[in-house]
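# Understanding the architecture of this molecule
Listed below are the residues making up each chain.
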Amino acid sequence: MRIQRLTTADELFENERVLATAFLHPWDEKEAREKAEAQAAGSAPVPEESWGVFDDADKLVCGISTLRHQLAFGGQCIPVGEVHMVGSLPEGRGGGNVRTLMAEILRHFKRRGDQMAVLIPFSFSFYRKFGFELAARRTTQRVPVDQLGAFECGYAVTRVNGENDVTFIRHLYDDFVASRNLAEVRGDAAWAYAGNGEWGERDLFHRDCLRYTYVLWDDAGRAHAYVTFIFVTGEKGPFVGELKVSDLVYDSPEAFRGVLGFLHRLRAKATHVEFDLMDDIDLATMIPDCDQVERTVGGHVMARLLDVPGMLLKMPHPVGSSSYVVEVEDAFMPESSGRYRVAYEAGKAVAVEKTDEGPDLSVTEETLCQLIVGRIGLNDARYRAGTVVHDNEQDLEQVFVRRPVSLDL
């Protein structure tokens, strides 16, 4: 068995073949060859790495493609590796190839400075073997547009029409995601003005739909929110349809309500509005008829810790001064296991170091990952296997609380 990063066009081409075979996905050899050559030349549209396992006959039998992200966490930006595609040939399964390759890649992520790893799972049980755990979910909330009539929009509203407008909404977005753990920190390409009021790329599943973006301003000329949506028609013909909101950014509850009030103005064309980005907001608590909200879980994202002390150091902490000792067990990356003493003051950790002191909290790496990103709080963690609260309970309840998580790969 040989493990290596795939860099030549021939190696990358074979990786495409392995992944297509593993996923039982039809593929075009010509397109796969062109993509492999572009990757080898460094000109592929999406920067990624590919890794593979070769058997004793020097045949590629397992391949993984990876991506790298910059994600918001605790008001900072952290590098995160994504396990993007994982595939092995059916005839070579059962020999531990994926496990061996996953261990190599996760340690590669850690060596290059990534503090977490993320992925979209085809099977939760499969990826839990490697220390991944549920970190976020995509929740769609669909409401009749007339339910938004309860909200007012007292802001001036303008549509994005040029590069200067995109600059305003980019500042709003950057401030917004800073308070939402694991939200994508978008680079320049994502904000490139494309003309006709659009920026970035269109929705993969609605390439033919124009995106509309509107900005809400106060009387002093300050932007407080923006909303981006497409109009999708249905069975009732081309003149009636639904609004599908892909971006909704706001700096206050008032601005959020203002967006809802603005969307109500579009009721002449739209029967419903579908929101796809707000797992931390329940519209049923706001609209007049709570049973009018239709909720759909569109997918899940898993994560695991690579740098335990680094993530403890970066996570938000209570305003006061104190310390606690957390004991973590990492079955897949045992080098991360141990006891860590965390001292904090003024809302942030000031020191994290390994210790032999008795723990205040014992958890698995999977549970600690959920606690650190804010997917769960301490009370939720008590229900997970391996969690023991030994001491310092009052401090721990203030440290490990639920937070908005916006991980969306």
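Preceding this paragraph is the structure being described.
Residues numbered from 1 in each chain as written. Predicted model: local features only at pLDDT ≥ 70, side-chain atom pairs only at ≥ 80, totals over all residues. Heavy atoms only, no water.

### Quick look at the state of the cysteines
The tally for this structure, following the rule as stated, stands at zero disulfides. Here C369 is not cross-linked by a disulfide; its sulfur's nearest cysteine counterpart is in C77, at 17 Å. (Disulfide = S-S within 2.5 Å.)

### Structural notes on the nonpolar core
Within the largest apolar cluster, 44 residues are counted, with the highest numbers of intra-cluster contacts made by Y226, V227, L263 and F275. Residue assignment for this core shows that the elements contributing at least two residues are α5 (163-177), β10 (211-217), β11 (223-234), β12 (237-250), α6 (253-264) and β13 (270-275). Beyond its immediate stretch of four places on either side in the chain, L263 contacts V145, L148, V227, F229, L243, V245, V273 and F275. Within the second largest apolar cluster, 38 residues are counted, among which are L71, I78, V363 and F400. (Core = buried A, V, L, I, M, F, W, Y, C linked by side-chain atoms within 4.5 Å. Buried < 20%, exposed > 50% of the residue type's maximum accessible area, 1.4 Å probe, protein only. Helix = DSSP H or I, 4+ residues; strand = E, 2+ residues; numbered from the N terminus. Contact = heavy atoms within 4.5 Å.)

### A few points about the layout of surface pockets
Roughly 340 Å³ of internal volume is contained in the second largest pocket. Around the second largest pocket sit 17 residues that line it, and S88, R93, V98, F122 and F126 are the ones nearest its centre. Counting residues per element, the ones that place at least two in the lining of the second largest pocket are β4 (76-88) and α3 (97-111). When the residues that make up the lining of the second largest pocket are grouped by side-chain class, the tally is seven nonpolar, seven polar and three charged. (1 Å grid on protein atoms, 1.4 Å probe; cavity = no way out; pocket = protein on both sides within 12 Å on 5 of 7 lines; lining within 4 Å. Points joined across faces, edges and corners; volume = space filled by probe spheres on them. Nonpolar A, V, L, I, M, F, W, Y, C, P; charged D, E, K, R; others polar.)

### Topic: unusual backbone geometry
With a phi close to 50 degrees, L24 is a non-glycine residue in the positive phi region. For L24, the position within the fold is in the loop between α1 (9-22) and α2 (29-41). Relative accessible area serves as the criterion here: at 75%, L24 is assigned to the exposed category. Unlike most non-glycine residues, N392 shows phi in positive territory, near 60 degrees. Its location among the elements puts N392 in the loop between β19 (388-389) and α10 (393-399). The class for N392 is partly exposed, based on a relative accessible area of 21%.

### Overview of the side chain of H272
Locating H272 in the fold gives a position in strand β13. Separated by 3.0 Å, the side chains of H272 and T271 make a polar contact. For H272, the contacting residues outside a window of four places in its chain are R142, V143, P144, V145, G241, E242 and L243. (Polar contact = N/O pair within 3.5 Å; in protein donor to acceptor, adjacent residues only side chain to side chain.)

### Here we look at the packing of aromatic side chains
By the definition in use, this model includes 19 aromatic pairs. Taking 6.3 Å as the distance between ring centres and 50 degrees as the angle between the ring planes, the aromatic pair formed by Y324 and Y344 counts as tilted. Taken together, the positions of Y324 in strand β15 (residues 322-329) and Y344 in strand β16 (residues 338-345) put the pair 20 residues apart, joining distant regions of the chain. In this structure, Y324 and Y344 share a single accessibility class: buried. Among the aromatic residues, those joined into a ring-pair cluster are F122, F126, Y127, F130, F132 and F332. Stacked on the ring of F54, the Lys or Arg R2 has its end atom at 4.1 Å from the ring centre. Looking at R33, its charged tip hangs above the ring of F13, at a distance of 4.1 Å from the centre. (Phe/Tyr/Trp six-rings, centres within 6.5 Å; stacked < 30°, edge-to-face > 60°. Lys NZ or Arg CZ within 6 Å of the ring centre and 35° of its normal.)

Coordinates in, geometry out; function isn't part of it.
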